[in-house]
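The lines below spell out each chain.
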Amino acid sequence: MREFNIITTAILFLSLPFLCKCNEKSSIKNKKKSDKKDRQVVNPKNNPPDTILLVCMNFQESNLLPAVINKIESFYHLPVKQIQAPLPTFAYFQERNRYKADSLLNYLADVNNSHYRFVAGLTSNDISTTNGSIPDWGISGLGSLTAKGCITSSFRLKRNASK
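As the structure is a computational prediction, the values presented were derived from the model and not from experiment.

Criteria and cut-off values
- Residues numbered from 1 in each chain as written.
- Predicted model: local features only at pLDDT ≥ 70, side-chain atom pairs only at ≥ 80, totals over all residues.
- Heavy atoms only, no water.
- Buried < 20%, exposed > 50% of the residue type's maximum accessible area, 1.4 Å probe, protein only.
- Helix = DSSP H or I, 4+ residues; strand = E, 2+ residues; numbered from the N terminus.
- Pairing = 2+ DSSP bridges.
- Phe/Tyr/Trp six-rings, centres within 6.5 Å; stacked < 30°, edge-to-face > 60°.
- pLDDT = per-residue confidence, 0-100.
- Contact = heavy atoms within 4.5 Å.
- Expected span 1.5 Å × (residues − 1).

Asks: Would you mind showing me how to read the pairing of strand β9 (residues 149–153) here?
Replies: Along any regular strand, the residues point their side chains to alternate faces of the sheet. Most of β9 sits out of view: five of its five residues are buried. Here β9 shows a buried face lined by Gly 149, Ile 151 and Ser 153 and a second buried face lined by Cys 150 and Thr 152. As paired strands, strand β5 (residues 118–123) and β9 are joined by five bridges and run parallel to one another. Paired with Ala 120 across the bridge in β9 is Cys 150. Sheet topology places strand β8 (residues 141–144) next to β9; four bridges connect them, and they run antiparallel. Opposite Ser 144, over in β9, you have Gly 149 as the bridge partner.

Here you go:
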């Protein structure tokens with residue numbers, strides 16, 4: 001149970017700023033529904049559906065998925081579509097046996113292709129990012145304002161969690 005709470009909290013923490021920004025746009029759009037020109041300015045991508053795309057990339061904790069999806073849907077009041085996808089080989093950093101989180105975010109943005117309001121990736125593999133002069137800093141998650149997405153790894157979240 002503690003492992004579920006840690007993973008769910010990480011997903012919600014990483015995605016909250018991005019979804020709030022999107023919900024703000026949605027409320028502006030609803031206020032101005034009668035003016036077609038204003039709607040196009042608020043959302044120039046032909047109104048992607050209000051759905052969160054959850055991409056599982058080698059996510060081993062499949063028993064947690066229904067609860068994670070339920071928690072996301074109840075918190076954001078948006079439906080979640082879950083798909084499976086392989087981890088891209090171009091994001092793999094062989095020296096440390098990790099995947100580069102920024103490359104995974106780019107991959108998720110390509111998978112999303114503006115069809116969904118937000119894309120969240122889940123993996124059980126270790127992920128990293130560049131931190132100043134450290135080219136491979138291990139992290140539990142990374143989000144992006146421009147790509148409207150995040151990636152969360154359970155690798156570091158479950159190390160000290162009791163089952």
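After presenting the structure, the write-up continues.
Asks: Please explain the packing of aromatic side chains as it appears in this structure.
Replies: When we look at a pair of aromatic rings, we describe it by the centre distance and by the angle of the planes. Scanning all chains against the criterion turns up three aromatic pairs. Ring centres 4.8 Å apart and planes at 85° place the aromatic pair Phe 75 and Tyr 76 in the edge-to-face group. Residue classification places Phe 75 among the partly exposed positions, given a relative accessible area of 43%. Since its relative accessible area comes to 7%, Tyr 76 is described here as buried.

Asks: How should the confidence of the model for the protein chain be read in this particular structure?
Replies: Low pLDDT means the predicted atomic positions in that stretch should not be read closely. Scored by pLDDT, the protein chain has a mean of 76; 67% of the residues are at 70 or more. When mean pLDDT is taken per element in the protein chain, strand β4 (residues 98–100) scores highest with 95 and helix α2 (residues 36–42) scores lowest with 28. In the predicted structure, residues 16–47 sits below a pLDDT of 50 and forms 28 contacts with residues beyond four places in sequence or in another chain.

Asks: Mind showing me how you'd approach helix α4 (residues 101–112) here?
Replies: An α-helical segment advances 3.6 residues per turn. Residues three or four places apart therefore align on the same side. The end-to-end C-alpha distance of α4, which contains 12 residues, comes to 16 Å, matching closely the 16 Å that a straight helix rising 1.5 Å per residue would cover. Every buried residue of α4 is listed here: Ala 101, Ser 103, Leu 104, Leu 105, Tyr 107, Leu 108 and Asn 112.

Asks: Whenever I open this one, unusual backbone geometry confuses me. Can you help?
Replies: Among all residues except glycine, the phi angle is most often negative; among peptide bonds, the trans geometry is most common. Not every positive phi belongs to a glycine, and Asn 58 is a case in point at roughly 55°. Of the residues examined, Asn 58 reaches a relative accessible area of 38% and is grouped as partly exposed.

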